[in-house]
Amino acid sequence: MRVTLQSESQECGLACLVMIAAAHGLHLDLATLRQRFVVSIKGTSLAQLIRYAQNLAFTCRPLRLELEEIPQLRTPCILHWNLNHFVVLVKVQNGRLVIFDPARGRQVLKLEEASRHFTGVALELSPNAEFVPAQHKPRLRLRALVGRVLGLKRALGNIFVLALALEVVALLSPQVTQWVVDGALVSADHHLLLLAVMGGCLLMLIDFVLRIAQGWMGLRLNQQLALQWSGNLFSHLLRLPWPYFEKRQLGDITARFQSLSAIRNVFTGGAITIVIDGLVTLVTVSMMLLYSGALTGIVGVAVLLYALLRLAFYHPLRNASEERIVLAARENSYFLESIRTVLPLKLFNMTSARLGTWQNMMADVQNRDVTTQKMLLAFASLNTLIFGVEGMLLLYVGGIAVLEGSLSLGMLLAFLAYKSQFTGRASKLIDLGIEIRMLSLHAERLADIALEPVEALSQSETDVQHIDPSIEFRDVSFRYAEGEPWIIRNLSLTIAAGDSVAIVGPSGCGKSTLLKIMLGLLQPTEGEVRLGGIPARQLGVDGVRNLIGVVMQEDQLFAGSLAENIACFAPQADQDKIEDAARHAYIHDTICQMPMGYQTLAAEMGSGLSGGQRQRVMLARALYKQPKILALDEATSQLDLHSEQCVVHAMQRLAMTRISIAHRQETIALAHRLVRLEKGTVVEDLRRLPIPVTT
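Cut-off values and rules
- Position labels on residues start from 1 in each chain and follow its written sequence.
- A pLDDT threshold of at least 70 governs which residues receive local features in this predicted model, and a stricter bar of 80 or more applies before side-chain atom pairs are shown or counted, although totals over entire chains, interfaces and linings include all residues.
- Note that the side-chain values use all heavy atoms of the structure and ignore hydrogens as well as water.
- We count a stretch as a helix when DSSP gives it H or I for four or more residues in a row; a strand needs E for two or more, and each element gets its number in order from the N terminus.
- Each residue is placed in one exposure class: buried if its accessible area under a 1.4 Å probe, protein chains only, is under 20% of its type's maximum, exposed if it is over 50%, and partly exposed if it falls in between.
- Residue exposure ignores everything except the shown protein chains as possible cover, and the areas themselves are Shrake-Rupley values with a 1.4 Å probe.
- Strand pairing requires that DSSP identify at least two bridges connecting the strands.
- Whether two residues touch is decided by their heavy atoms; if any such pair falls within 4.5 Å, the residues are in contact.
- Whenever a helix is involved, its axis is fitted only over the stretch in contact; in every case the axis is a line through C-alpha atoms, and angles between N-to-C directions fall within 0 to 180 degrees.
- Here the expected span of a helix is defined as 1.5 Å times the quantity of residues minus one.
- Working definition for bend: take the seven residues up to and ending at a residue and the seven starting at it, fit an axis to each, and measure the angle between the axes.
- By construction, the arc corresponds to the directions joining the helix axis to the C-beta atoms.
- By the criterion applied in these results, polar contacts are pairs of N or O atoms within 3.5 Å in which, for protein atoms, one can donate a hydrogen and the other can accept it, and in which residues neighboring in sequence qualify only through two side-chain atoms.
- Roughly parallel means an angle under 35 degrees; roughly antiparallel means over 145; roughly perpendicular covers 65 to 115; every other angle is labelled oblique.
- In this scheme, a crossing is called left-handed if the near helix is turned counterclockwise away from the far one by less than a right angle; it is called right-handed if the turn is clockwise.

1. Focus on the overall build of the protein
Within the protein, the regular secondary structure consists of 22 helices and 20 strands. Residues classed as buried in the protein amount to 47% of the 695 residues present. Of the accessible surface of the protein, which amounts to about 34,700 Å², a share of 59% is contributed by carbon and sulfur atoms.

2. Considerations on the sheet that holds strand E10 (residues 488-495)
Within the open sheet, the 4 strands sit side by side as E10-E9-E12-E13. Their pairing is antiparallel. Strands with a single pairing partner mark the edges of an open sheet, and in this sheet they are E10 and strand E13 (534-535). Both strand E9 (residues 471-478) and E10 contribute to a ladder of 5 bridges, which runs antiparallel. Bridged to Glu472 within E10 is Thr494. With respect to the sheet, helix H15 (residues 511-518) is in contact with E9, E10 and strand E12 (526-531), its orientation differing from that of E9 by roughly 115°.

3. Some details on helix H14 (residues 409-450)
Counted at 1.5 Å a residue, the expected span for H14 with its 42 residues is 62 Å, and the 58 Å between its end C-alpha atoms agrees. Taken as a whole, H14 carries its principal kink of about 25° at Leu441.

4. Examining helix H18 (residues 575-584)
Residues of H18 that are buried: Ile578, Ala581, Ala582 and His584. Relative to the axis of H18, the buried residues are bounded by an arc of 160° and lie together on one face. Contacts from the buried residues of H18 go to helix H17 (562-566), helix H19 (588-592), helix H20 (611-624) and helix H21 (641-652). The residue sitting at the N-terminus of H18 and contributing the capping side-chain oxygen is Asp574; that oxygen lies 2.9 Å from the backbone nitrogen of Asp576. Tyr586 lies just past H18 and shows a positive phi near 60°.

5. So, the packing of H18 against H20
Packed helices, taken two at a time, are described by the angle between their axes plus the distance between the axes. The geometry of H18 relative to H20 is characterised by a closest axis approach of 8 Å and an angle of 125° between their N-to-C directions. Considering their axes alone, H18 and H20 lie oblique with respect to each other. As H18 runs across H20, the sense of the crossing is right-handed. Residues Lys577, Ile578, Ala581, Ala582 and His584 of H18 touch H20, and the partners they reach there are Ala620, Leu623 and Tyr624.

6. As for the sheet that holds strand E20 (residues 681-687)
Read from one edge of the open sheet, 6 strands run E14-E17-E18-E11-E19-E20, paired in mixed fashion. At either end of the open sheet lies a strand with only one pairing partner, and these are strand E14 (548-551) and E20. With direction set aside, neighbouring strand axes in the sheet form an average angle of 15°. Where E14 lies against strand E17 (residues 629-633), 4 bridges are found, and the strand directions are parallel. The partner of Gly549 across the bridge, within E17, is Leu630. The sheet contacts of helix H16 (residues 536-547) involve E14 and E17, and relative to E14 the element is tilted by about 80°.

7. Overview of unusual backbone geometry
For residues besides glycine, phi is generally negative; the peptide bonds are generally trans as well. Backbone torsion omega between Thr75 and Pro76 reads -5°, so that peptide bond is classified as cis. Assignment of secondary structure puts Pro76 in the loop between strand E2 (58-64) and strand E3 (77-81). If you check the backbone angles, Asn349 has positive phi at about 55° while not being a glycine. The residue Asn349 is located in the loop between helix H12 (342-347) and helix H13 (351-404) in this model. Unlike most non-glycine residues, Gln626 shows phi in positive territory, near 50°. Relative to the assigned elements, Gln626 resides in the loop between H20 and E17.

Shown next, in the form of C-alpha cells:
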C-alpha cells in the first residue's frame, strides 16, 4: 500500500478509497474513480463517501470516538481530518499514528499532535462477499499522453547509426593499448609504437566528429519533441472543459505540465541508449570473458549488487519525489495567489500571516528535499563502497594472474578498459530502467491532463449566421454531483429572437449557472438547450460560442494593447470594427483621450484601468465578434448610472438577442422582459415591452 495523492482539492475522499481498495487487492486509479463518481467543487460528504465505498463492494461502519480509542480501529480506515478533509489511518505503532494524507503524503504523528486535526469521526471499511480483487489501472501509452510526432523515426534512426559508430570506436580503443604494451614496448619496436599511436589518434578524430554530429542531432530531436509534445499537450489542455480548471490549482496544473519535460528527457536520452548500451554490454562482457573468467565474475557480482541497491532505494525515492512534487505545486499555487491578491492582503494587514503560511509550505518542500538528499547520499556512499572493493579485488586477482603468467600486463590493462566500459554501460542500463519505472509517476500526473475528455466540438461546420437567435431551455436540471442539491430543477424557458431579457433572483438561485449551461461551460444533468431550434449538443461548444458574445463575472483582460483586447488578438483585426464596438460599449471617447489611444497597453489582467473601464473594454470585445446573442453576467455592475444607460441604449439599437443577469434596478428597468428565478426554477416571467423587429 502506498500513498495516493489527490489531483483536485475536493477529491481527498476518492484518494482515500483508492488507497483502501489497494490494501485489499483492488487496484484502481483516481481517473477511473473520478469518471465513476463525480465529485462537486464543494467536496465529498461522509454520506457520499459511504455510498461510493458501498458501490465498490465495501461494508462501511461509521464511528464517533475519542482520540484515545483510535488504536482500537480496524486499519486501514478513513479519518475525518481538519473538519474538511479525509485521510487514511494505516496503523498505530508505539503510540504514533501512521497517516497517508492525500494532500501531504505519509505522516507519522503522536496522539497529541493528531488531536489538533482529528474530528472524532472515522469510517471502517471491509470487503463484502461481492468484493473481487482486480487490477483496473489502465496502461498509459506514450502516444496517448503526448500525441503524434512527425519525423521521429528518421531522427532516431540517424542518431542510432552515429551512436553505433561511436561504440565501434570505443571498443577498438582498448586494443590500441594492448598493442602498445604487449607489442611495441615489449619488442622495443619504434615503428609499431608510432603506428599504434597514429591509429589511436585517428580513432580519437573519428570519435570527435561523430560526437559532434550525434550531439547536434540530439539537440534537434530534443527541440522537435519539445515543440511538438508541448504543443499537442497545451492544445489538449486548452480544449478541456471549464470545470477541470475550476477544481484545480494553477500551481498543480503547471507542475503536471512540467512532467512532460521529465518524460522527454528520458526518452531522448534513453531511446537510443537502451539499444546501444545493451549491445555494447554484451560485446564487452564477451571480451572480458576471453581475458579472464574470474575477473569477469568479480565485476558481475559488483554490478548485481549495484542493481539490488537501486531497487532497494526505488520506492522510497519515488514516494519522496511524488510528495515533493505535490507540496511544491501547493506552495507555487499559494505563492501565485499571494501575488495576485496583494491588494486585499495589504488592506487587511494579512501580509505577515500570509508570509508565515508560505514559509511553512516552503519548509515542507525543503524537508522532503532533505529526505531525498539523505537517501541519495546513502546510495552514493554504498555505491562507492561496492565499486571501490571491486577495484581492489581486480587489482589483487589480476596482479596475481600477471605474476603467474596467465595474463600479460597489456591484457590486464585491456581488461580494465573493457571493465570500465561494461560497468559504465551496465550501470546506465540499470539507471535507465529505474528512470523508466520512475516515469510512471510523471505519466500518472500527465495523464490527468492528457486523458481527460475534451469539450465536444461540432461534427460539421455550422454557419451560425443563418441560425435564428432564439433560445429554449427544455426541462433543464443541473447539479454538480449525485447527492448534491439541485442548482437548477426542471427549468423551461423560451427566449425569442431579438428579445431583451433580464434574469433576476437572489444569490445562489442559479442565474449564472443557467448562463454557463447555455454557453456549454456546464452540461445539464437533465434536459437540453436549443439555439435556433437546434440542440446545443449538435452545434457543439464551438458553434454555440460563435453565436454568442458574452461578458462573465470571471472575465479578465490580457496583457496587450486595448485594440488587441477588443479584437481578442485576431490575426487580422479590423480597426473600424474595433472602434465601432468601442462606441457601442461607450468606451471609444475614453480610449481616444488616452496618450496612446487604442495602442494603450493594458497590464496583466487589466490592471491600470478602472473597474468600469475594464468592463466596457470586455463588453466591446464581446461586441467585436458581432454576435447574434449577447449574454451579460453583471457586466455593467461597476459603471455609473449615466454610463450604464448609455451602454444599454447603444446596445438596444443592435439587432441581437440580449440576456442580462443583473441586480441593479436601473439595469432591470431597461429590459423588455423580466424573468425571476428562485431555487433554480422560474417563478415569474413578466413582459414589459414588445419584442423589437430584428434585421
